[in-house]
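# Analysis of the macromolecular model
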Amino acid sequence: MDSNLKYACPVVLLNTAFPKSKWKGMLLVTSVLTPMDQVLPIAFAISVDCEDSDNWKWLLLYSLEACPNIQHKHEDESMISNKTIFVSDCDKGLQPVLDGVFPNDHSTNYAVRIQRNVKAKFGQQASSKVVEIAKTFSSIKEETLFGLVERINKNALTCIQAIEPSKWRSTQWAQKGNLPPVMVL
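Residues numbered from 1 in each chain as written. Predicted model: local features only at pLDDT ≥ 70, side-chain atom pairs only at ≥ 80, totals over all residues. Heavy atoms only, no water.

## Some points on the overall build of the protein
Keep this limit in mind: Note on conventions: DSSP H or I runs of at least 4 residues are helices, E runs of at least 2 residues are strands, and numbering of each starts at the N terminus. Think of it in three bands: residues with accessible area under 20% of the maximum for their type are buried, residues over 50% are exposed, and the middle band is partly exposed, with areas taken using a 1.4 Å probe on protein chains only. We call two residues in contact when some of their heavy atoms are within 4.5 Å.
A count of helices and strands for the protein gives nine helices and five strands. Secondary structure elements in the protein, listed N-terminal to C-terminal, are α-β-β-β-α-β-α-β-α-α-α-α-α-α. When each of the 185 residues of the protein is scored for burial, the buried share is 42%. Long-range contacts, defined here as pairs at least 24 residues apart, represent 55% of the contacts in the protein between residues at least 6 apart.

Structural data, given as structure tokens:
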């Protein structure tokens, strides 16, 4: 399976589910996005504990061991361009683990949280462009999206732009020359 992942997009999806039946616990899943826009699970774990950094660390280390290609390393070790983008709406303990296990990669899990906060403070219309801003590698498109948000609500734009860009915006990642090999989002 790992050899097939070299053709997958450099996007890793992380998610959890909480069964409501008599089988309580939590299901953690690591998936990748294939070039055909299919979601392919590469690892899962069932935990009786809560969503925390220990469970995320175990799953990510297991995923990396099972499928080293999720790191999308460049053949030339001096190149730092092939990075993985981690997408998740999970929050509890995930970001510090991602920073530790995949220190040079990019995560957009903050974007979903930012979108929810903007929606709560400024409404659905103002929040509608947040994830799109996070995903774009084009600074031109980013500026266009910021302009749309500004026309909807200037306070929403101020709130969004006040958040540390390197934590959630792909253009900040791209400006450092760290573009992934395939940009299909």
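## Observations regarding the pairing of strand S1 (residues 11–17)
We apply this condition: Paired strands are those between which DSSP finds at least two bridges.
Pairing of S1 with strand S4 (residues 85–88), which is carried by four bridges, proceeds in the parallel orientation. Opposite valine 12, over in S4, you have phenylalanine 86 as the bridge partner.

## So, helix H3 (residues 94–101)
Residue pairs three or four apart in sequence face the same way in an α-helix, which turns once every 3.6 residues. Basically, it comes down to this: As used here, the arc is the angular range of directions from the helix axis to the C-beta atoms.
Regarding H3, the residues found buried are Leu94, Gln95, Val97, Leu98 and Val101. Buried residues in H3, looked at end-on, bunch into an arc of 160°, giving them a common side. Pointing more than 90 degrees away from the buried face of H3 are the exposed residues Pro96 and Gly100.

## Description of the packing of aromatic side chains
To describe a pair of aromatic rings, you give the distance between the ring centres and the angle between the ring planes. Just so we agree on the cut-off: Aromatic pairing here means that ring centres of Phe, Tyr or Trp (its six-membered ring) are within 6.5 Å. Orientation follows from the plane angle: under 30 degrees is stacked, over 60 is edge-to-face, and everything else is tilted.
Counting across every chain of the model gives one aromatic pair. The interplanar angle of 5° and the centroid separation of 5.4 Å between the aromatic rings of tryptophan 58 and tyrosine 62 together place this pair among those described as stacked. Within this pair, tryptophan 58 and its partner tyrosine 62 are both found in helix H2 (residues 53–66), separated by four residues, close to a single helical turn. Judged by its relative accessible area of 49%, tryptophan 58 falls in the partly exposed class.

## Let's talk about H2
Test applied: Expected span, for any helix, means 1.5 Å times one less than how many residues it has.
Over its 14 residues, H2 runs 20 Å from end to end, which matches the ideal 20 Å to within 8%, given 1.5 Å per residue. Taken as a whole, H2 has its buried residues at Asn55, Trp56, Leu59, Leu60, Ser63 and Leu64. The arc that holds the buried residues of H2, viewed along the axis, is 160°, so those residues lie on one side. Exposed and oriented more than 90 degrees from the buried face of H2 are Asp54 and Glu65. On its buried side, H2 packs onto S1, strand S2 (26–33), strand S3 (39–47) and H3.

## Observations regarding the confidence of the model for the protein
The condition that has to hold: Looking at any residue, its pLDDT shows the predictor's confidence there, from 0 to 100.
Of the residues in the protein, 71% have a pLDDT of 70 or more, and the chain-wide mean is 75. Note on residues 173–185: pLDDT under 50 across the span, and 37 contacts to partners over four residues away in sequence or across chains.

## Focus: the pattern of salt bridges
Note the following rule: Salt-bridge detection follows one rule: a side-chain nitrogen of Lys or Arg within 4 Å of a carboxyl oxygen of Asp or Glu.
Counting across every chain of the model gives one salt bridge. Lysine 141 is the salt-bridge partner of glutamate 132, the closest N and O atoms lying 3.5 Å from each other. Among the residues examined, glutamate 132 registers a relative accessible area of 32% and is labelled partly exposed. What makes lysine 141 partly exposed here is its relative accessible area of 38%.

## Topic: the nonpolar core
Put simply, the test is: To define a nonpolar core, start from buried Ala, Val, Leu, Ile, Met, Phe, Trp, Tyr and Cys residues and group those joined through side-chain atoms within 4.5 Å.
Counting residues in hydrophobic clusters, the biggest one holds 21 residues, and the most contacted among them are Leu14, Trp56, Leu60, Ile70, Leu94, Leu98 and Phe102. Going through the elements one at a time, S1, S2, S3, H2 and H3 are the ones with two or more residues in this core.

## Concerning the packing of helix H7 (residues 139–152) against helix H8 (residues 154–161)
To keep it simple, the criterion reads: Angles run from 0 to 180 degrees between N-to-C directions of axes, and those axes are lines fitted to C-alpha atoms, restricted for helices to the stretch in contact. Angle categories are assigned with fixed cut-offs, so that under 35 degrees is roughly parallel, over 145 is roughly antiparallel, 65 to 115 is roughly perpendicular, and the rest are oblique. All residues other than Ala, Val, Leu, Ile, Met, Phe, Trp, Tyr, Cys, Pro, Asp, Glu, Lys and Arg, Gly among them, are scored as polar; the first ten of these are nonpolar and the last four charged.
Running from N to C, H7 and H8 point in directions that differ by 135°, and their axes come no closer than 5 Å. On the basis of the axis angle, H7 is oblique to H8. Of the residues in H8, those touching H7 at Phe146, Val149, Glu150 and Ile152 are Lys154, Ala156, Leu157, Ile160 and Gln161. Residues belonging to the contact of H7 with H8 are distributed by class as follows: six nonpolar, one polar and two charged.

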